[in-house]
Amino acid sequence: MVWAVIGLLAGLVAGVYLPVELPAAFARYHSVALLAALDSVFGGWRASLDGSFHTLVFVTGFFGNALLAAALTFIGDRTGVELYLAAVFALGVRIFFNLGAIRRLLLHLPPGKHSL
Amino acid sequence: MQSRLNQAAMVLVAAVLGLMLSLGIRFQRTLPPTLQNRRWDELAVLLGQCEAERDALRLEVGSLRAALAEAGQSTEEARVVSEELRQLRLVSGFAPGGGPGVRVTLNDSQRTGQAGEDPNLFLLHDDDVLRVVNELAAAGAEAISINGQRHIATTEIRCAGPAISVNNTRVTPPIQIMAVGDPATLESALRMRGGVLEILTALGIQVKIEQLASLEVPAFTGNLRLRYLQAVQ
């Protein structure tokens, strides 16, 4: 956990001070990839809480989903189908689902047994 | 060893996430509140403000020109030069002018087209206006204005969707063309057999020609900035 926070801070600082600008053409892909990455992180957090965390699964999921979401958006742009909406919807729903599960786990409630 | 690797992976993932976050935030910051982020009504307000500002500036131009004309009366030489300038302004359309001439009023056809007929035929188009203006110029009109837009060297008469663009200003029917010149010559030029009037009235375009002993054409109000044209010695 500590290492993750350190890494996060390092990444944030690097992003602020690195002399690279996000090209405007990539901004959309970046946004969707970021959403996928966040989804993986929440998924990983949930998995670590309910004890099914596996680093390799997490890391591959993190990069794989981000790349896949960006690729889906790219393909959607090329074919005129707003595929990124599918990615945004699916990932958004999953993030909220995972957050709900995390809340339950943190409150020490078994998943899905309570109506509230 | 295994946990070391796990830690490294966690740091990597967290770092990448942080990098993506801050890059994204930085990108969003660099985005100006551009057009796409603004709403239509906001843009409409903005346009209204710009137009009000433009009108105010136009008034200012008028008063400054008046002051300039006053300054031109100080010495004999200045008087000669400013008289020449006045004349040139009149010819080029940068000063309002008046005199005898004709007023031509054009409007869309009142005829209702039969089924299958192109309704476009019964609307007043840019080329109809252009034809009338051209004919008036050919008949010796010394100054022409179209709905208050003075016809000058750079004037365009062009289709602009539902309107007609003159001096980059949209004008719509009824179109009133003022032409200073010999009223009888101007009118007969338009009424020439096989001429402009015949073509227009054949489609039912409403044309009214009035000979006036005195009419006024306004000055060109636009902004003419020459970027390419230079005087040749």
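Note on numbering: residues in each chain are counted from 1, in written sequence order. Note on labels: chains are lettered from A, ligands numbered from 1, in written order. Under the rules for a predicted model, residues below a pLDDT of 70 receive no local features and side-chain atom pairs below 80 are neither given nor counted, while totals for whole chains, interfaces and linings still include all residues.

Colleague: What's the story with the nonpolar core in this structure? I'm lost.
Modeller: In a soluble, globular protein the nonpolar side chains are often hidden away together inside. In this structure, B:V129, B:V132, B:V133, B:L136, B:I144, B:I177 and B:A179 are the most contacted members of the largest nonpolar core, which totals 29 residues. Secondary structure elements are defined from DSSP: runs of H or I of at least 4 residues count as helices, runs of E of at least 2 residues count as strands, and each element is numbered from the N terminus. Elements with a contribution of two residues or more to this core: β1 (97–107), α4 (126–138), β2 (143–146), β5 (163–166), β7 (175–180), α5 (183–191), α6 (196–202) and β8 (206–217) of chain B. For this core, the leading source of residues is β7(B), giving five residues. What counts as a contact is two residues whose backbone-derived C-beta atoms lie within 7 Å of each other. Sequence-distant contacts of B:I177, defined by excluding residues within four places in its chain, comprise B:V104, B:V132, B:V133, B:L136, B:I144 and B:I146. Within the second largest apolar cluster, 27 residues are counted, among which are A:L12, A:A37, A:A69 and A:Y84. To count as a nonpolar core, a set of buried Ala, Val, Leu, Ile, Met, Phe, Trp, Tyr and Cys residues must be joined through C-beta atoms within 7 Å. Put simply, a residue is buried when 20 or more other C-beta atoms lie within 10 Å of its own C-beta and exposed when 12 or fewer do; between those, it is partly exposed, and each C-beta is set from the backbone.

Colleague: Got a minute to help me understand the sheet that holds β8(B) in this structure?
Modeller: Pairing between strands is defined by DSSP: at least two bridges between the two strands are required. Read across the sheet, five strands follow the order β3-β2-β7-β1-β8 (chain B) without closing on themselves; strand pairing throughout is antiparallel. Since the sheet does not close on itself, it has two edges, and those belong to β3 (149–150) and β8 of chain B, each with one partner.

Colleague: Please clarify how the environment of A:A70 should be interpreted in this entry.
Modeller: Residue and element names in this part refer to chain A. Of note, A70 is situated in helix α3 (residues 55–79). Taking the number of C-beta atoms within 10 Å as the measure of exposure, A70 has 21 and is therefore buried. Distance from A70 to F26, taken between C-alpha atoms, is 9.2 Å for residues 44 residues apart in sequence. Not counting residues up to four positions away in its chain, the partners in contact with A70 are Y29, V32 and A33.

Colleague: Even after reading the chapter, I still don't get the packing of helix α2 (residues 27–49) of chain A against α3(A), so can you show me in this structure?
Modeller: Describing two packed helices takes the angle between their axes plus the distance from one axis to the other. Residues and elements named next belong to chain A. For the pair α2 and α3, interaxial distance at closest approach is 8 Å and the crossing angle is 150 degrees. In terms of their interaxial angle, α2 and α3 are classed as roughly antiparallel. The element α2 and its partner α3 pack so that their crossing is right-handed. Along its contact with α2, which presents R28, Y29, V32, A33, L35, A36, A37, D39, S40, G43 and G44, the element α3 presents F58, G61, F62, N65, A66, A69, A70, T73 and F74. Helix axes use the C-alpha atoms of the stretch in contact, all axes being lines fitted to C-alpha atoms, and the angles between their N-to-C directions lie in the range 0 to 180 degrees. By the definition adopted for this analysis, an angle is roughly parallel if under 35 degrees, roughly antiparallel if over 145, roughly perpendicular if from 65 to 115, and oblique otherwise. Each crossing gets its handedness from the near helix: less than a right angle anticlockwise from the far helix is left-handed, clockwise is right-handed.

Colleague: Please clarify how the sheet that holds strand β6 (residues 169–171) of chain B should be interpreted in this entry.
Modeller: In a beta sheet, neighbouring strands pair by backbone hydrogen bonds and run either parallel or antiparallel. Residues and elements named next belong to chain B. Taken in spatial order, the three strands line up as β4-β5-β6 in an open sheet, and their pairing is antiparallel. Each end of this open sheet is capped by a strand with a single partner; those strands are β4 (157–160) and β6. Within the sheet, the average angular offset between the axes of one strand and its neighbour, ignoring direction, is 40 degrees. The sheet contact formed by β4 and β5 spans four bridges and is antiparallel. Counterpart to A160 in the pairing with β5 is A163.

Colleague: Just checking my understanding: could you explain the interface of chain B and chain A for this structure?
Modeller: A common way to state how big an interface is: give the accessible area lost once the parts meet. Counting residues at the interface gives 20 residues for chain B and 23 residues for chain A. Asp, Glu, Lys and Arg are counted as charged, while Ala, Val, Leu, Ile, Met, Phe, Trp, Tyr, Cys and Pro are counted as nonpolar; the rest, among them Gly, fall into the polar class. For the side of chain B that touches chain A, the per-class residue count stands at 14 nonpolar, five polar and one charged.

Colleague: Looking at this structure, how should I read the environment of B:L203?
Modeller: All names here are of chain B. Inspection of the secondary structure assignment puts L203 in the loop between α6 and β8. Residue classification places L203 among the partly exposed residues on the basis of 16 C-beta atoms within 10 Å. With 93 residues separating them along the chain, L203 and Q110 place their C-alpha atoms 9.6 Å apart. Residues within four places of L203 in sequence aside, it is in contact with S109, L121 and F122.

Colleague: It is not clear to me how the environment of A:L38 should be interpreted in this structure. Could you clarify?
Modeller: Here A:L38 is to be found in helix α2. Along the sequence, A:L38 and A:I95 sit 57 residues apart, while their C-alpha atoms lie 7.7 Å from each other.

Colleague: Even after reading the chapter, I still don't get helix α3 (residues 76–92) of chain B, so can you show me in this structure?
Modeller: The periodicity of an α-helix, 3.6 residues per turn, causes residues three or four positions apart to be oriented the same way. Residue and element names in this part refer to chain B. Taking 1.5 Å of rise per residue, 17 residues should cover 24 Å, and α3 covers 24 Å from first to last C-alpha, within 8% of that figure. Of all 17 residues in α3, zero are buried, a share of ten percent or less. Looking one or two residues past α3, G93 carries a phi angle of roughly 95 degrees, positive in sign. In a helix, the anticipated span is given by 1.5 Å times the number of residues less one.

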